[in-house]
Amino acid sequence: MNPDQLADQLYAIVTGVVDRRRAANGTTESQPLIARDDIRLDRPRNRDHGDWASNVAMRLAKPLGANPRELAEEIALEAARLDGVAAAEVAGPGFINFRLDAAAAGALAKTIVDAGETYGQNVTLAGATINLEFVSANPTGPLHIGHTRWAALGDSIARVLKASGASLASEYYINDAGSQMELFGTSVLAAAKGEPTPEGGYPGQYIADLATAVLERVPGLLSLPDDEALSVAGEQAYELQLAEIRQALKDFNVEFDVWFSERSLHKPDPQTGESLVDAAVGRLRAQGHVFDEDGAVWVRTTDFGDDKDRVIRRSNGVYTYFASDAAYYLNKTDRGFQHKIYLLGADHHGYVHRLRALAGAAGDDPDRDIEVLIGQLVSINGAKLSKRAGNIIELTDLQTWLGTDALRYSLGRSPADSPLTLDPELLRSHSNDNPVYYVQYAHARTRSVARNAETAGVTRSAFAPELLTHESESALLGALQEFPRIVALAAELREPHRIARYIEEVAGLYHKWYDTCRVIPLGDEPISDLHRTRLWLNDATGQVIRNGLALLGVSAPDRM
RNA sequence: GCCCCCAUAGCUCAGGGGAUAGAGCGUCUGCCUCCGGAGCAGAAGGCCGAAGGUUCGAAUCCUUCUGGGGGCACCA
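Predicted model, so just to flag it, every value in this text is computed and none were measured.

Participant: Help me understand the nonpolar core in this model?
Facilitator: Where a protein is soluble and globular, its nonpolar side chains tend to be buried together. Among the nonpolar cores identified, the biggest contains 104 residues, and Leu161, Tyr172, Phe184, Leu249, Tyr409 and Leu480 are the most heavily contacted of them. Here the element with the most residues in this core is helix α5 (residues 145-163); it accounts for 10 residues. When near neighbours in sequence (up to four residues on either side) are disregarded, Tyr409 contacts Asn434, Pro435, Val436, Val439, Ala500, Ile503, Glu504, Leu549, Leu552 and Val554. Membership of the second largest hydrophobic core comes to 31 residues, among which are Leu10, Ala57, Val85 and Leu100.

And the structure:
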């Protein structure tokens, strides 16, 4: 008996009650008052309120002209007779509180163990084709704390979307074209020559380090003609920097399905001589949203809610960044992705309107085909960090300080739009304060119990779920039951932090259970089916925590 | 000026219209001869920024205001 099954049966009862009430009232109205999806069972906060609660009576009271408590009584009377339901009671203003049979609730432990890594997976997004783009930092410097948050969040979003059945590609868009790249090359070349950073160029020790590495790879760099030296220095530094970024993300358990180069959008097709950007502008023009003015080419993004029209090709003939965006967007569609998700920092929120306008100008539905998630910036001790300012705190530095698990977890347990302040002193000195240890410890404990059980001769040779009657057992089972719904919700809302909060709750309930319910008999006490059944519950809990941590890209150690 | 985000315990933060608003850290009191005390039990600590509104019911939805953060380009 899971909440979905209970809701199905509750729905049948409710429609029956509604029909009877209407008949009694002589109403001819036959429109259903409530849909199946409107029946939602909640876990009451207070355990005295049972395993599951429904507010359906309060919602129907007004349209039926009935007293909510009386209506609830009528529904509860029938619901109490359902198989697997131990009790259905009316409480408060008209809640119906359900208590499940221990056997019906406990069966879940075996279900989870049998499902293993697949427990939590669901099909709520089956059939969806989603392209998720995140990080996409310019390859002109190391990843810093800001990118780190999007890396953690984006990767976890990708994982929950996949776990919910979506057909998904996660992508890193490499901004390897344009003036920032030139500036980067200029900066590295200047460093190689021992000259000061050019005006507006990139400062920072990493530029000097890159220059040194480039000189190692190309010893004759400085004797090349200036243009060539600039080009070689820029390309070499770009390769080195991009490789470093890829490695840093890999070490951070962040995997991208596609690394997409902006340059590829500008490359002319050998047959037609036309680049994807050329083609994109042509396609937008064909849709009727492009116009020429002052020698430049514009997209009428104001037709789609932007506050001003945007130049796509400057009067000097050079495409703007917006042109690349357009080509990239269309390319995603061409590759079969209907739904395009962008994860951007709050400092880029000005792009939201024009990206949405882009979808509209391309003939897509901005409300359906494009989704821009705006994340708030992470600050450290109130200081904001910028690669231009040179006071970079790199991803790799943070990993060294905190460890990958703690860092991913602390970034992943808050919603993207929540401002986050990390205190490096605190994190460095008290890394045990991080809730990740609480969760990981619970997991390690489940493994330890399993190891000890084996030694003690307690095995999963029997399963008697009706014995799982302790209060802490029904609380734990109820929470474990929720996991697939939590994963589906995290995917639907693009909020993977819900996974973290959830496994923290599971960890807490597990610790409470552990404290009162022994898997291994005390002293000379014989091994019973209760112990064996508890081992199933122990292992099921470990599995759920492990699956949850995996969605967050955090390890689940067997020992700590 | 216009736009976006935020405001909940001392601190960092959760809380999809539901019952007595939660967690971690910090403070205080208990609990290890037996499955890991990185834990558990309990205490203290809140006009959920303010005021209106919608609702049977609002921390949650709407409006206004206040206070913080971020953004406006023929830059990338």
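Let's pick the thread back up.
Participant: How should the pattern of salt bridges be read in this particular structure?
Facilitator: Note that side chains of opposite charge can pair when their charged atoms are close. Scanning all chains against the criterion turns up 30 salt bridges. Among the ionic pairs, Glu504 bridges to Arg413, the shortest N-O distance being 2.9 Å. Residue Glu504 is found in helix α20 (residues 497-516), and its partner Arg413 is found in the loop between α15 (404-412) and β13 (420-422); the two are separated by 91 residues along the sequence. With respect to class, Glu504 is no different from Arg413; both count as buried.

Participant: Can you help me understand the protein's contact with RNA strand B in this one?
Facilitator: The immediate surroundings of RNA strand B are formed by 65 residues, with Lys62, His349, Tyr351, Arg445 and Asn452 found nearest. One of the backbone nitrogen or oxygen atoms of Ala346 is found 3.1 Å away from a sugar or linking oxygen of RNA strand B. Measuring from a phosphate oxygen of RNA strand B, one finds a side-chain N or O atom of Arg354 at 3.4 Å. If you tally residues by element for the surface near RNA strand B, the top one is helix α17 (residues 435-456), at eight residues. A per-class count over the surface near RNA strand B returns 26 nonpolar, 21 polar and 18 charged.

Participant: Sorry, what's going on with the packing of aromatic side chains here?
Facilitator: Each pair of aromatic rings is reported with the distance of its centres and the angle of its planes. Evaluated as defined, the whole model comprises 14 aromatic pairs. Taking the centre distance of 6.0 Å and the plane angle of 15° together, the rings of Phe291 and Trp298 count as stacked. Grouping aromatic residues by their ring pairs yields a cluster made of Phe134, Tyr172, Phe256 and Trp259. Positioned above the aromatic ring of Trp52, the side-chain terminus of Arg43 is 4.9 Å from the ring centre. Residue placement shows Arg445 over the ring face of Tyr514; its charged tip is 3.7 Å from the ring centre.

Participant: What should I look at first to understand the domain arrangement of chain A in this one?
Facilitator: Buried accessible area, meaning the area lost when the parts come together, often serves as the stated size of an interface. Looking at chain A, the domain boundaries give domain 1 (3-100) and domain 2 (106-124 + 433-551). Between domain 1 and domain 2, the C-alpha centre-to-centre distance is 30 Å. With six residues of domain 1 in contact, the opposing surface of domain 2 contributes eight residues. Interface of domain 1 and domain 2: buried area, both sides summed, is about 570 Å²; carbon and sulfur atoms make up 51% of it. Sorting the residues of domain 1 by area buried against domain 2 places Pro3, Arg43 and Arg47 first, and these three jointly supply 66% of that buried surface. Linking domain 1 with domain 2 are zero salt bridges, by the criterion used here. Where domain 1 meets domain 2, there are one residue pair in polar contact (both at pLDDT 80 or more).

Participant: For this particular structure, what's the right way to read the sheet that holds strand β3 (residues 95-100)?
Facilitator: Strands pair in a sheet through their backbones, by hydrogen bonds, and they do so in one of two ways: parallel or antiparallel. The strand order across the open sheet formed by three strands is β1-β3-β2, and the pairing between neighbours is antiparallel. Each end of this open sheet is capped by a strand with a single partner; those strands are β1 (52-54) and β2 (85-91). Across the sheet, the mean angle separating the axes of adjacent strands is 25° when strand polarity is ignored. For β1 and β3, the ladder comprises three bridges, and the chain directions are antiparallel. Note that in β3 the partner of Ala53 across the bridge is Asn97.

Participant: Would you take a moment to explain the pairing of strand β4 (residues 129-133) for this structure?
Facilitator: Residues in a regular strand point their side chains to alternate faces of the sheet. Of all five residues making up β4, four are buried, and the element is well covered by its neighbours. In this structure, β4 lies alongside strand β5 (residues 167-174), joined through five bridges in parallel fashion. Bridge pairing in β5 links Asn131 to Ala169. Viewed along the sheet, the connection from β4 through α5 into β5 turns out right-handed. Of the strand pairs in this sheet, β4 and strand β10 (residues 339-345) are connected by four bridges, and their pairing is parallel. Within the sheet, the bridge partner assigned to Glu133 lies in β10 and is Tyr342.

Participant: Sorry, what's going on with the environment of Thr421 here?
Facilitator: For Thr421, the position within the fold is in strand β13. Judged by relative accessible area, which is 56%, Thr421 ranks as exposed. Along the primary structure Thr421 and Leu377 are separated by 44 residues, whereas in three dimensions their C-alpha atoms are 8.9 Å apart.

Participant: Even after reading the chapter, I still don't get the sheet that holds β4, so can you show me in this structure?
Facilitator: Within the open sheet, the five strands sit side by side as β6-β5-β4-β10-β11. Their pairing is parallel. Only two strands of the sheet have a single partner each, and these edge strands are β6 (258-261) and β11 (370-375). Across the sheet, the axes of successive neighbouring strands diverge by a mean angle of 25°, strand direction being ignored. Packed on one face of the sheet, α5 meets β4, β5, β10 and β11 and runs near 155° to β10.

Participant: Before we go on, may I ask you to explain the environment of Glu454 in this structure?
Facilitator: For Glu454, the location among the structural elements is in helix α17. Given a relative accessible area of 64%, Glu454 falls into the exposed group.

Participant: Even after reading the chapter, I still don't get the packing of helix α4 (residues 102-115) against helix α18 (residues 471-481), so can you show me in this structure?
Facilitator: Working note: a packed helix pair is described by the angle between its axes plus the distance between those axes. Two numbers describe how α4 lies on α18: the axes approach to 9 Å, and their chain directions differ by 55°. By the angle between their directions, the pair α4 and α18 is classed as oblique. In this structure, α4 meets α18 at a crossing whose hand is left-handed. Together, Ala105, Gly106, Leu108, Ala109 and Ile112 of α4 and Leu477, Leu480 and Gln481 of α18 make up the contact between the two elements. Its residues placed into classes, the contact of α4 with α18 shows six nonpolar, two polar and no charged.

Reading the values: the criteria
Residues numbered from 1 in each chain as written. Chains lettered and ligands numbered in written order. Predicted model: local features only at pLDDT ≥ 70, side-chain atom pairs only at ≥ 80, totals over all residues. Heavy atoms only, no water. Core = buried A, V, L, I, M, F, W, Y, C linked by side-chain atoms within 4.5 Å. Buried < 20%, exposed > 50% of the residue type's maximum accessible area, 1.4 Å probe, protein only. Helix = DSSP H or I, 4+ residues; strand = E, 2+ residues; numbered from the N terminus. Contact = heavy atoms within 4.5 Å. Salt bridge = Lys/Arg side-chain N within 4 Å of Asp/Glu carboxyl O. Near = heavy atom within 4 Å. Polar contact = N/O pair within 3.5 Å; in protein donor to acceptor, adjacent residues only side chain to side chain. Nonpolar A, V, L, I, M, F, W, Y, C, P; charged D, E, K, R; others polar. Phe/Tyr/Trp six-rings, centres within 6.5 Å; stacked < 30°, edge-to-face > 60°. Lys NZ or Arg CZ within 6 Å of the ring centre and 35° of its normal. Domains from an automatic or database assignment. Buried area = accessible area lost by both parts, 1.4 Å probe. Pairing = 2+ DSSP bridges. Axes fitted to C-alpha atoms, helices over the stretch in contact; angles between N-to-C directions. Right-handed = clockwise from strand over helix to strand, strands pointing away. Parallel < 35°, antiparallel > 145°, perpendicular 65-115°, else oblique. Left-handed = near helix turned anticlockwise from the far one by under 90°.

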